[in-house]
Amino acid sequence: MSLNRVKAIWWRHAYDLKHNVGRLFDTFYWPALDIVLWGMTSVYFQQKAATADIVLVLLSGLVFWQVIWRSQYEVTVNLLEELWSHNLVNVLATPLTIYEWVVAVICLGFIRMFFAIGFGLALVYWLYGVNILQVGWMMVPFVALLLMSGWYIGLVAAGVILRFGMRIEVIAWSGVSLLAPFSAIYYPVSTLPEWGQRIAAWVPASYVFEGMRVVLSRGQIDQAMLLKSLGLTVIYLVLGLGFFWLMYQQRRKLGVSSLE
Amino acid sequence: MLRKKSRKPDRIGRMPSKIVLEVNNLTKVFDGGFSFRKMKRNEPTLAVYKVSFKIHEGEIVGLLGPNGAGKTTTIQMLLGTTAETAGTIKYFGKNVKKNRPELMQQVNYSSAYAKLPWLTVFENLMVFAKLYQVEKPEERIEMLLSEFGMSEYKHKIANALSAGQLTRVLLAKAFINFPRILLLDEPTASLDPDIADSVRKFLLKQQQKYGVAMLFTSHNMAEVAEVCDRVIFLRKGKIVAEDTPDGLAKTVKNCTLRLWVGDGLKRLKAFAQGRGYPVKVSGREAEVVIKEDEVAAFLNKLARHNIKYSKISIDKPTLEDYFIAQSGRENES
């Protein structure tokens, strides 16, 4: 066994670390995220341990978070798939417009999201006997808002990938998670520290998950929350589209082929 | 052998035809971007500068130049995947900026450097057939796969193909929409000579049968000379010459004179070197690089010096010589 050859492999990965921001990001980002997310959930549990619907709240949060995650993932990973297969120039050299591409991946995300959510709901029912659908149609506007949230996050992440290339592809998996602690998925916004609550006020998903908990506990929709979330989501979606368009034009200046 | 038809009086059997591509003052400057290490902006790079040319229906134009001359950048701008800094691009008389989807319907592209997703050959071609809204796509795919000798690979995953096979699939993709103009970036790179030859024949057939125009980059000068009606030579992003392949070759004044010398080989070497002609001797064969119009005088002088040779051949300058001469100029500058 040669220590020099072992060292050569260390060097190979040390050089990689220098160029691959994603690796460095992974080292700190995911542990920090888990600590914040599950720490806050634990604090909430401690305060509300006797709440009967805690399982329903937790599992519905888990399932509906998939709506955001899946819809943003489809946008970013579909772009990455073209880059991984060196096919983006082939595709963009056709009559296809960038808007058509966006519509295609968004629709694809919509369809796949239904399968993912359907599977999640069925699994939750089968494993834990919890029927999240018991709240009925009242969930529809919330799901629609989460879906749109996934789109604008996906568009921003895809825009960043288009501009900076695959060295930043980690954003496809981690971008949306950055919003998770402030989205009040498993705990109310009030559990967050004050600075966190200020951020959560600008995150549309926080109103959605808060609103869902109201639906689950009281069986009614908090219209104010729904409207706040809708207003913010529409603004972010327009900004997300604008950002994506801007990044695409930036990439064209640099040359799409230089991405591959 | 399928031969290209001369452009001058009647290219591909027609009178002077429509312009399918018109490029005016096309310029590309790549912004150097900001360097955090140097804490200043990097110098911008001039990749293409005021390039103008036209391509007629059924014309095959070679875009040549050394590495970094701006060939691929030009093609990428023509495809719209790289934004031009200045200049206009018109296909079929219409500005591509305003009519892109309509115009790109009649344009296609292939590059030896492109790849395809992890789908079968058929699935990949079907996706492109749908993107171009080709009618009866199955029939078209079958026909193209057969033309390129790829029918047996129809259900093979594209990534599992050899470089040559993938190039042929990419060429099939390039023809899927019955294009009126094709942008081909080194279409025969990585192909075996026999396959490259059949591809060239296919390209010429498409030109003659359907009047497909092509803009063609290649590092194979013999291929360019065989296929192209006209050649545009780029150096450092600028057009430095535009002519037929023969016309460009003729601008190279030097030719290679080969002599099989019986008596006086040493004298010949000294004589040629004394007059500044590069000379190479191998066995009884002497190779002298000399200006074409000085050959007769040179041979006269050899006779006067009683230098006898049994065989003689003159290699006229080729497009490759022109390329080398131009590349040499780039290295000097």
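Throughout, a residue's number is its position along its own chain's written sequence, starting from 1. Chain A is the first chain written and ligand 1 is the first ligand written, with later ones labelled in order. It should be noted that, the model being predicted, local features are given only for residues of pLDDT at least 70 and side-chain atom pairs only at 80 or more, the latter also being counted only at that level, while totals for whole chains, interfaces and linings use all residues.

1. Quick word on the overall build of chain B
Secondary structure elements are defined from DSSP: runs of H or I of at least 4 residues count as helices, runs of E of at least 2 residues count as strands, and each element is numbered from the N terminus. In terms of helices and strands, chain B carries 11 helices and 16 strands. Overall, the C-alpha framework of chain B stretches about 75 × 55 × 45 Å when taken along its three principal axes. With C-beta atoms placed from the backbone, the exposure class of a residue follows from how many other C-beta atoms lie within 10 Å of its own: 20 or more, buried; 12 or fewer, exposed; in between, partly exposed. Looking at chain B as a whole, 41% of its 333 residues are labelled buried. Each residue is represented by a C-beta atom placed from its backbone, and any two residues with such atoms within 7 Å are regarded as in contact. Pairs at least 24 apart in sequence give 71% of the contacts found in chain B among residues at least 6 apart.

2. Side note on the nonpolar core
Side chains of a nonpolar character, in soluble globular proteins, are inclined to be buried together. A set of buried Ala, Val, Leu, Ile, Met, Phe, Trp, Tyr and Cys residues, joined to one another through C-beta atoms within 7 Å, is what we call a nonpolar core. Residues B:Ala172, B:Ile181, B:Leu183, B:Met214, B:Leu215 and B:Phe216 are the most contacted members of the largest nonpolar core, which totals 83 residues. Setting aside chain neighbours within four positions, we find B:Met214 in contact with B:Ile60, B:Ile181, B:Leu182, B:Leu184, B:Leu203 and B:Gln207.

3. Describing the packing of helix H3 (residues 54-84) of chain A against helix H9 (residues 204-218) of chain A
Any two packed helices are characterised by the angle at which their axes cross and by the distance between the axes. Residue and element names in this part refer to chain A. The convention used is that axes are lines fitted to C-alpha atoms, helices contributing only their stretch in contact, and that angles between N-to-C directions extend from 0 to 180 degrees. Closest axis-to-axis distance for the H3/H9 pair is 11 Å, and the angle between their directions is 145 degrees. Classified by chirality, the crossing of H9 by H3 is right-handed. Contact residues: Leu56, Val57, Ser60, Gly61, Phe64 and Ile68 in H3; Ala205, Phe209, Met212, Arg213 and Leu216 in H9. Under this grouping Gly is polar, as are all residues other than the nonpolar Ala, Val, Leu, Ile, Met, Phe, Trp, Tyr, Cys and Pro and the charged Asp, Glu, Lys and Arg. Residues belonging to the contact of H3 with H9 are distributed by class as follows: 8 nonpolar, 2 polar and 1 charged. Take the far helix as your reference; a near helix turned counterclockwise from it by less than a right angle gives a left-handed crossing, and one turned clockwise gives a right-handed crossing.

4. Digging into the pairing of strand E10 (residues 213-217) of chain B
Residues and elements named next belong to chain B. With 5 of 5 residues buried, E10 lies mostly within the body of the structure. Burial along E10 is two-sided: Ala213, Leu215 and Thr217 and Met214 and Phe216, pointing in opposite directions, are all buried. Here, any two strands with at least 2 DSSP bridges between them count as paired. Two strands pair when backbone bridges link them, and strand E9 (residues 181-185) and E10 are joined in this way by 5 bridges, in the parallel orientation. Paired with Ile181 across the two strands is Ala213, which belongs to E10. When the strands point away from the viewer, a crossover counts as right-handed if the path from the first strand over the helix to the second runs clockwise. Between E9 and its parallel partner E10, the chain crosses via helix H6 (residues 193-210), and the hand of that crossover is right-handed.

5. Side note on H6(B)
Residue and element names in this part refer to chain B. Expected helix span is given by 1.5 Å per residue-to-residue step, counting one fewer step than there are residues. Counted at 1.5 Å a residue, the expected span for H6 with its 18 residues is 26 Å, and the 25 Å between its end C-alpha atoms agrees. Taken together, the buried positions of H6 are occupied by Val199, Arg200, Leu203, Leu204, Gln206 and Gln207. Along the axis of H6, the buried positions cluster into a sector of 155 degrees, meaning they face one direction only. Turned more than 90 degrees off the buried face of H6, the exposed positions are Asp194 and Lys209. Each element contacted by the buried residues of H6 is listed here: strand E5 (60-64), helix H5 (163-175), E10 and helix H7 (221-227). Directly after H6, the chain includes Gly211, whose backbone phi takes a positive value near 70 degrees. By arc we mean the arc of the directions from the helix axis to the C-beta atoms, nothing more.

6. With respect to the UniProt feature "transmembrane region" (unreviewed entry) in chain A
Residue and element names in this part refer to chain A. Mapped onto this structure's residue numbering, the UniProt feature "transmembrane region" (unreviewed entry) falls at residues 52-69, 101-128, 140-164, 170-187 and 229-248. From the first C-alpha to the last, residues 140-164 spans 36 Å; its make-up is 100% helix and 0% strand. The span residues 229-248 carries 100% helix and 0% strand; its end-to-end C-alpha distance comes to 28 Å. UniProt positions are given in the numbering used here, feature names are shortened, and annotations may be inferred rather than shown by experiment.

7. Quick notes on the interface of chain A and chain B
Counting from both sides, the interface comprises 18 residues of chain A and, opposite them, 18 residues of chain B. A class-by-class count of the residues in the side of chain A that touches chain B yields 6 nonpolar, 9 polar and 3 charged.

8. Topic: the sheet that holds strand E1 (residues 19-30) of chain B
Pairing is antiparallel in the open sheet, where 4 strands are placed in the order E4-E1-E6-E7 (chain B). Single-partner strands in this sheet number two, and they are strand E4 (45-56) and strand E7 (94-95) of chain B.

9. Notes on H3(A)
Residue and element names in this part refer to chain A. For H3, with 31 residues, the first-to-last C-alpha span of 42 Å sits near the 45 Å given by 1.5 Å per residue. Throughout, bend refers to the angle between the axes fitted to the seven residues that end at a position and the seven residues that start at it. For H3, the principal kink sits at Glu74 and spans about 25 degrees. Following H3 by one or two positions, His86 adopts a phi angle in the positive range, close to 55 degrees.

10. Some points on the UniProt feature "domain: ABC transporter" (unreviewed entry) in chain B
As annotated by UniProt and renumbered to match this structure, "domain: ABC transporter" (unreviewed entry) occupies residues 21-261 of chain B. The distance from the first to the last C-alpha atom of residues 21-261 of chain B is 53 Å, and the span holds 35% helix and 31% strand.

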